[in-house]
Amino acid sequence: MSRNMWTEADVPDQRGRIAIVTGSNTGLGFDTARVLAGRGAKVAMAVRDIAKGDAAAAQIRAKVPGADIAVHKLDLGSLASVREAAAELGSTYPRIDLLINNAGVMYPPKQTTADGFELQFGTNHLGHFALTGLLLDNLLPVDGSRVVVVASIAHNIRAKIDFDDLQWERRRYERVGSYGQSKLANLMFAYELQRRLAAADAKTMAVAAHPGISDTELIRHVPGSSLPGVKLLSSLVFNSPELGALPTLRAATDAAVVGGQYYGPDGFRELRGHPKLVNSSNQSHDRNIQQRLWSVSEELTGVSFPV
């Protein structure tokens, strides 16, 4: 491994491994899938839009001749779709080495999922919570298997798990606060999942990562993000998608990773750079809130975990 900066070149051989990457038709997920396929993994691209997924798979095959890739339908904003996708993925891949919960939405206008959940909380947290619970039996027997949850530095920005109003039905809707809640929930889910896996002496670990701020389609709802000057500035200040994917790749593949760790960029305020072990907010480590969130998430999704 590189002595100072961890790069794509440090991703070890992935031949014989099965990786599921949600939201892999664009941005961070695309580059995560590309690198894993390039190292020999069989990659299942779990995406909402099959046509876009097929186009992304074709791009990866063009970059990585012989890449073993399949595209599967997954809409994290619909629990019915999550269940259908989990059934298909679970039967297609009896053993799963990596489940990378990457997909997400950021700062959209107030909307709800098919099940009536606030869009960011429902998609970013509840959809991935349900998918993980439904697929975990396929990971548990596999030595070295990992669940990687992609969080965000936004978990510490106006973020609070408001159990009295998780869906923003009573308060005035705040895009930033809602996104922060969803990413805080991602981290709390990863930490509580790891605690349960460790208590069960499981072969699977849960790890979290964040990309800093990356120049991807995810920022399309940020005011002014489409302006030419902003686009130029973002290309200079933000991580590229290739660099932004590295914390996820390190969490997924580095042999030195320990369950419950959190990886992010090594630059100023973790905004950009190469991946290193980082810390999350004190709030994210509150076990009482983690456990309450877990119980509420099971109730809302109807999904129970085997650990």
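You'll find the protein entered in an unreviewed UniProt entry as SDR family NAD(P)-dependent oxidoreductase, with Mycobacterium pinniadriaticum given as the organism.

Visitor: I tried to follow the overall build of the protein on my own but got confused; where do I start?
Guide: A count of helices and strands for the protein gives nine helices and eight strands. Relative to the globule expectation of 19 Å for 307 residues, the C-alpha radius of gyration of the protein, 18 Å, shows essentially globular dimensions. Taken along the three principal axes of its C-alpha coordinates, the protein extends 50 × 50 × 40 Å. Scored against the burial criterion, the 307 residues of the protein give a buried share of 56%.

Visitor: Just to check I follow, could you spell out the sheet that holds strand S1 (residues 18–22) for this structure?
Guide: Hydrogen bonding along the main chain pairs the strands of a sheet, whether they run parallel or antiparallel. The eight strands lie next to each other as S3-S2-S1-S4-S5-S6-S7-S8, forming an open sheet whose pairing is mixed. Every interior strand has two partners, whereas the edge strands, strand S3 (69–73) and strand S8 (275–277), have only one. Each adjacent strand pair in this sheet contributes to an overall mean axis angle of 20°, direction not counted. Sheet topology places strand S4 (residues 98–101) next to strand S5 (residues 146–150); four bridges connect them, and they run parallel. By the bridge assignment, Asn101 is partnered in S5 with Val149. Helix H1 (residues 27–38) contacts S1, strand S2 (42–47), S3 and S4 of the sheet and is inclined by roughly 170° relative to S1. The strands touched by helix H8 (residues 246–253) within the sheet are S4, S5, strand S6 (205–209), strand S7 (262–265) and S8, with S5 carrying the most contacts at an inclination of about 160°.

Visitor: What's the story with the nonpolar core in this structure? I'm lost.
Guide: Soluble, globular proteins show a tendency: their nonpolar side chains are buried together. Counting 51 residues, the largest nonpolar core has Ile20, Leu135, Leu136, Ile161, Leu193 and Phe305 as the members making the most contacts within it. Taken together, the elements giving at least two residues each to this core come down to S1, S2, helix H3 (79–92), helix H4 (119–139), S5, helix H5 (175–199), S6 and helix H9 (287–301). Ranked by residue count, the leading element in this core is H5, at nine residues. Residues in contact with Ile161, not counting those within four places in the same chain, are Leu166, Gln181, Leu184, Ala185, Met188, Gln283, Ile289 and Leu293. In this structure, Val21, Ile100, Ala245 and Val257 belong to the second largest nonpolar core, which totals 33 residues.

Visitor: Looking at this structure, I do not really get the pattern of salt bridges. What am I missing?
Guide: A side chain with one charge can pair with a side chain of the opposite charge if their charged atoms come near. Inspection of every chain in the model, using the stated rule, returns 13 salt bridges. The shortest N-O distance in the salt bridge between Arg34 and Asp31 comes to 2.9 Å. In this pair, Arg34 and Asp31 both sit in helix H1, three residues apart, roughly one turn of the helix. Asp31 matches Arg34 in its accessibility class, with the two residues each being buried.

Visitor: Would you mind going over the side chain of Arg250 with me for this structure?
Guide: Following the sequence through the fold, Arg250 ends up in helix H8. Residue Arg250 is classed as buried on the basis of its relative accessible area of 15%. A distance of 2.8 Å separates polar atoms of two side chains, one belonging to Arg250 and the other to Asp254.

Visitor: Looking at this structure, how should I read empty space enclosed by the protein?
Guide: A water-sized probe, rolled over the atoms, reveals where empty space remains. One pass over the full model with this rule turns up one cavity of 30 Å³ or more. Taken as a whole, the largest cavity holds about 30 Å³ of empty space. As for the largest cavity, its lining consists of His125, Phe129, Met188, Phe189, Gln290, Leu293, Trp294 and Ser297. Looking at the lining of the largest cavity, the elements that each hand over two or more residues are H4, H5 and H9. In the lining of the largest cavity, the residues fall into five nonpolar, three polar and no charged.

Rules used throughout
- Residues numbered from 1 in each chain as written.
- Predicted model: local features only at pLDDT ≥ 70, side-chain atom pairs only at ≥ 80, totals over all residues.
- Heavy atoms only, no water.
- Helix = DSSP H or I, 4+ residues; strand = E, 2+ residues; numbered from the N terminus.
- Rg over C-alpha atoms; globule rule 2.2 N^0.38 Å.
- Buried < 20%, exposed > 50% of the residue type's maximum accessible area, 1.4 Å probe, protein only.
- Pairing = 2+ DSSP bridges.
- Axes fitted to C-alpha atoms, helices over the stretch in contact; angles between N-to-C directions.
- Contact = heavy atoms within 4.5 Å.
- Core = buried A, V, L, I, M, F, W, Y, C linked by side-chain atoms within 4.5 Å.
- Salt bridge = Lys/Arg side-chain N within 4 Å of Asp/Glu carboxyl O.
- Polar contact = N/O pair within 3.5 Å; in protein donor to acceptor, adjacent residues only side chain to side chain.
- 1 Å grid on protein atoms, 1.4 Å probe; cavity = no way out; pocket = protein on both sides within 12 Å on 5 of 7 lines; lining within 4 Å.
- Points joined across faces, edges and corners; volume = space filled by probe spheres on them.
- Nonpolar A, V, L, I, M, F, W, Y, C, P; charged D, E, K, R; others polar.

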